[in-house]
Amino acid sequence: MMKKVGIVDTAFSRVDMAKFAIQQIEQAKQICNSELTWLKTTVPGHKEVAVEALRLLEQEQCDICIVFGWVGPKELDLTSAHEAAIALAMAKVQARKHVLECFIFESQHEQDALFEVASQRAIAHAKSAISMITDDPAWVVHSSIGDREGEANASVLEAID
Ligand SMILES: Cc1nc2c(=O)[nH]c(=O)nc-2n(C[C@H](O)[C@H](O)[C@H](O)CO)c1C
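Now for a quick tour of the structure. Remember, predicted model here, so these are calculated numbers, not experimental data. (Residues numbered from 1 in each chain as written. Predicted model: local features only at pLDDT ≥ 70, side-chain atom pairs only at ≥ 80, totals over all residues. Heavy atoms only, no water.)

**Thoughts on the layout of surface pockets**
- What the largest pocket holds in volume is close to 370 Å³.
- Along its surface, the largest pocket is lined by 19 residues, and Lys-127, Ser-128, Ser-131, Ile-145 and Asp-147 are the ones closest to its centre.
- Counted by class, the lining of the largest pocket contains eight nonpolar, six polar and five charged residues. (1 Å grid on protein atoms, 1.4 Å probe; cavity = no way out; pocket = protein on both sides within 12 Å on 5 of 7 lines; lining within 4 Å. Points joined across faces, edges and corners; volume = space filled by probe spheres on them. Nonpolar A, V, L, I, M, F, W, Y, C, P; charged D, E, K, R; others polar.)

Next up, the structure:
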């Protein structure tokens, strides 16, 4: 059955993360023959993403959404992002569907690393979204692997004998 990924990004962002997510979805369609489609919209900033994600889930028949947010380095940006995340939580619960939050916090990375982190995280979140909506066995979500979307995975811990 055809599945639809909603993609919301912002004009505020400094990296076109949606482009990498869309490339990943297109690649999945070709390689795995997955029945996937996508719909992308852009809003001004992260305060607008919750309503937009809800609109895509409820009115545009998306099965899941990925939201690409960019959080500036100022204290006000961080507070604003926290408020946006609360609104996103409300949207998810109302729609009873998943919204994956791919937010880049500018203050957490060196300027030189931002592009790589953002693009890799976008690809990782696109893969996660595909895994969560497709029945294709190639896209099974693996449990307890220390996955850290877009960054080096955490090591897996085992019992000490
Ligand atoms: C302070 C601030 N910081 C950010 C940010 O870090 N990232 C972002 O995407 N948008 C920011 N904005 C803009 C708001 O999200 C919003 O778009 C405007 O306030 C208009 O509602 C604002 C106002």
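Okay, back to it.
**Focus on the pairing of strand S1 (residues 3-10)**
- The buried fraction of S1 amounts to seven of the eight residues, a majority that puts the element mostly inside the structure.
- Note: S1 against strand S2 (residues 36-43), eight bridges, orientation parallel. The residue of S2 that forms the bridge with Lys-3 is Leu-36.
- As judged from the four bridges shared by S1 and strand S3 (residues 64-71), these two strands associate in the parallel manner. Looking across to S3, one finds that Val-5 is bridged to Ile-64. (Buried < 20%, exposed > 50% of the residue type's maximum accessible area, 1.4 Å probe, protein only. Helix = DSSP H or I, 4+ residues; strand = E, 2+ residues; numbered from the N terminus. Pairing = 2+ DSSP bridges.)

**Here we look at the packing of helix H1 (residues 17-31) against helix H4 (residues 114-133)**
- Two elements in contact, H1 and H4, have axes whose closest approach is 8 Å; the angle formed by their N-to-C orientations is 40°. As summarised for this structure, H1 and H4 are arranged oblique, according to the angle between their axes. Here the hand of the crossing between H1 and H4 comes out right-handed. Residues Met-17, Phe-20, Ala-21, Gln-24, Ile-25 and Ala-28 of H1 form the contact with H4, whose own contacting residues are Phe-115, Ala-118, Ser-119, Ala-122, Ile-123, Ala-126, Lys-127 and Ile-130.
- Tallied by class, the residues present in the contact of H1 with H4 amount to 11 nonpolar, two polar and one charged. (Axes fitted to C-alpha atoms, helices over the stretch in contact; angles between N-to-C directions. Parallel < 35°, antiparallel > 145°, perpendicular 65-115°, else oblique. Left-handed = near helix turned anticlockwise from the far one by under 90°. Contact = heavy atoms within 4.5 Å.)

**Some points on the sheet that holds S3**
- If you walk across this open sheet you meet the four strands as S2-S1-S3-S4, and the pairing is parallel. Every interior strand has two partners, whereas the edge strands, S2 and strand S4 (99-105), have only one. Each strand of the sheet is rotated relative to its neighbour by a mean of 15°, with strand direction disregarded.
- Those strands touched by H1 are S1, S2, S3 and S4, and its axis lies near 170° from that of S2.
- Where H4 meets the sheet, it contacts S1, S2, S3 and S4, and its direction lies at approximately 175° from that of S4.

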